[in-house]
Amino acid sequence: MIVSMGIHIAPAGVADFHQVLTDHSRYWGERDLRSLHLLALVQEFGSTCLVARAGDGIRGYIFGFVTPDGTGYVHLIATRDDARGTGLGRRLYTAFAEAAERDGARKLKAITSVENAGSIAFHRGLGFDTEIVDDYNGPGRAMAVFHRDLPLNVSRP
């Protein structure tokens, strides 16, 4: 568990997963991404599915896993509406990268829609290379694909 500034980053449990879904709009606004939240990730990859908890609840989370080829894949990362701009996303990514390295990862990968300018800027700020891959998510569905080597040594600008 990582503790800093009253926020504890620790592995997510089933109750955390359900709380994130209950508070979905606090993390994602009007976008309904509940179908991307897979409880199996939390149950099967507990060391790389993390929540950032404070006295007032879960402020952010990152769900991912390590692939057999040594890639730490981030499936979802979100911060609550009142925690944005605090560096929490960077802290979650750092905690994920450390957990992924312990599980054998040598690199990181994530994806987002090509329209998600905020996510693209965030990942570039973490030193990820970005590639737009046509048909990545099916015919006519290009995605921005991020990748970078570990370790992830980032500090808040």
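Parameters and conventions
Residues numbered from 1 in each chain as written. Predicted model: local features only at pLDDT ≥ 70, side-chain atom pairs only at ≥ 80, totals over all residues. Heavy atoms only, no water. Salt bridge = Lys/Arg side-chain N within 4 Å of Asp/Glu carboxyl O. Helix = DSSP H or I, 4+ residues; strand = E, 2+ residues; numbered from the N terminus. Buried < 20%, exposed > 50% of the residue type's maximum accessible area, 1.4 Å probe, protein only. Axes fitted to C-alpha atoms, helices over the stretch in contact; angles between N-to-C directions. Parallel < 35°, antiparallel > 145°, perpendicular 65-115°, else oblique. Left-handed = near helix turned anticlockwise from the far one by under 90°. Contact = heavy atoms within 4.5 Å. Nonpolar A, V, L, I, M, F, W, Y, C, P; charged D, E, K, R; others polar. Pairing = 2+ DSSP bridges. Right-handed = clockwise from strand over helix to strand, strands pointing away. Polar contact = N/O pair within 3.5 Å; in protein donor to acceptor, adjacent residues only side chain to side chain.

Draft legend 1. Main features of the pattern of salt bridges. All told, the structure shown has seven salt bridges when counted by the stated rule. Between arginine 53 and aspartate 16 there is a salt bridge, with the nearest N and O atoms lying 2.4 Å from each other. Residue arginine 53 is located in strand E3 (residues 49–54), and its partner aspartate 16 is located in helix H1 (residues 14–22); the two are separated by 37 residues in the primary sequence. Taking the relative accessible area as the measure of exposure, arginine 53 reaches 29% and is therefore partly exposed. For arginine 59, the salt bridge identified is with aspartate 56, shortest N-O distance 3.1 Å. Overall, arginine 59 belongs to the partly exposed group, its relative accessible area being 25%. Connected through shared salt-bridge partners, Arg26, Asp56, Arg59, Arg80, Asp81 and Asp82 make up one network.

Draft legend 2. Spatial organisation of the packing of helix H4 (residues 88–102) against helix H5 (residues 117–125). The interhelical angle for the contact between H4 and H5, taken along N-to-C directions, is 60 degrees, at an axis separation of 11 Å. As far as their axial angle goes, H5 and H4 are oblique. Between H4 and H5 lies a crossing of right-handed hand. Only Phe122, His123 and Gly125 of H5 make contact with H4, whose side of the interface consists of Gly89, Arg90 and Tyr93. Per-class residue counts for the contact of H4 with H5 are two nonpolar, three polar and one charged.

Draft legend 3. Spatial organisation of the side chain of threonine 79. Its location among the elements puts threonine 79 in strand E5 (residues 71–79). Under the relative-accessibility criterion, threonine 79 is labelled buried at 14%. Excluding anything up to four places from it in sequence, threonine 79 contacts Arg26, Tyr27, Arg59, Gly60, Arg84, Leu88, Gly89 and Leu92.

Draft legend 4. Up close: the pairing of strand E6 (residues 107–113). Across four bridges, E5 lies against E6 in parallel orientation. Looking across to E6, one finds that tyrosine 73 is bridged to lysine 109. With H4 bridging E5 and its parallel neighbour E6, the resulting β-α-β unit is right-handed. In this structure, E6 lies alongside strand E8 (residues 143–149), joined through seven bridges in antiparallel fashion. Paired with leucine 108 across the strands is arginine 148, a residue of E8.

Draft legend 5. Geometry of the pairing of E5. Counted residue by residue, E5 has eight buried out of nine residues, so it is predominantly covered. Pairing of strand E4 (residues 57–66) with E5 involves seven bridges; the strand directions are antiparallel. The residue bridging isoleucine 62 from the neighbouring strand is isoleucine 77, located in E5. With antiparallel pairing between neighbouring strands as the criterion, E4 and E5 make up a hairpin whose turn holds four residues, including glycine 70 at a positive phi of roughly 85 degrees.

Draft legend 6. Layout of the environment of arginine 59. Mapped onto the elements, arginine 59 comes out in strand E4. As for arginine 59 and isoleucine 7, which are separated by 52 residues in sequence, their C-alpha atoms are 8.3 Å apart. Apart from the residues within four sequence positions on either side, arginine 59 is in contact with Ile7, Tyr27, Ala52, Ala54, Ala78, Thr79, Arg80, Ala83 and Leu88. Separated by 3.1 Å, the side chains of arginine 59 and aspartate 56 make a polar contact.

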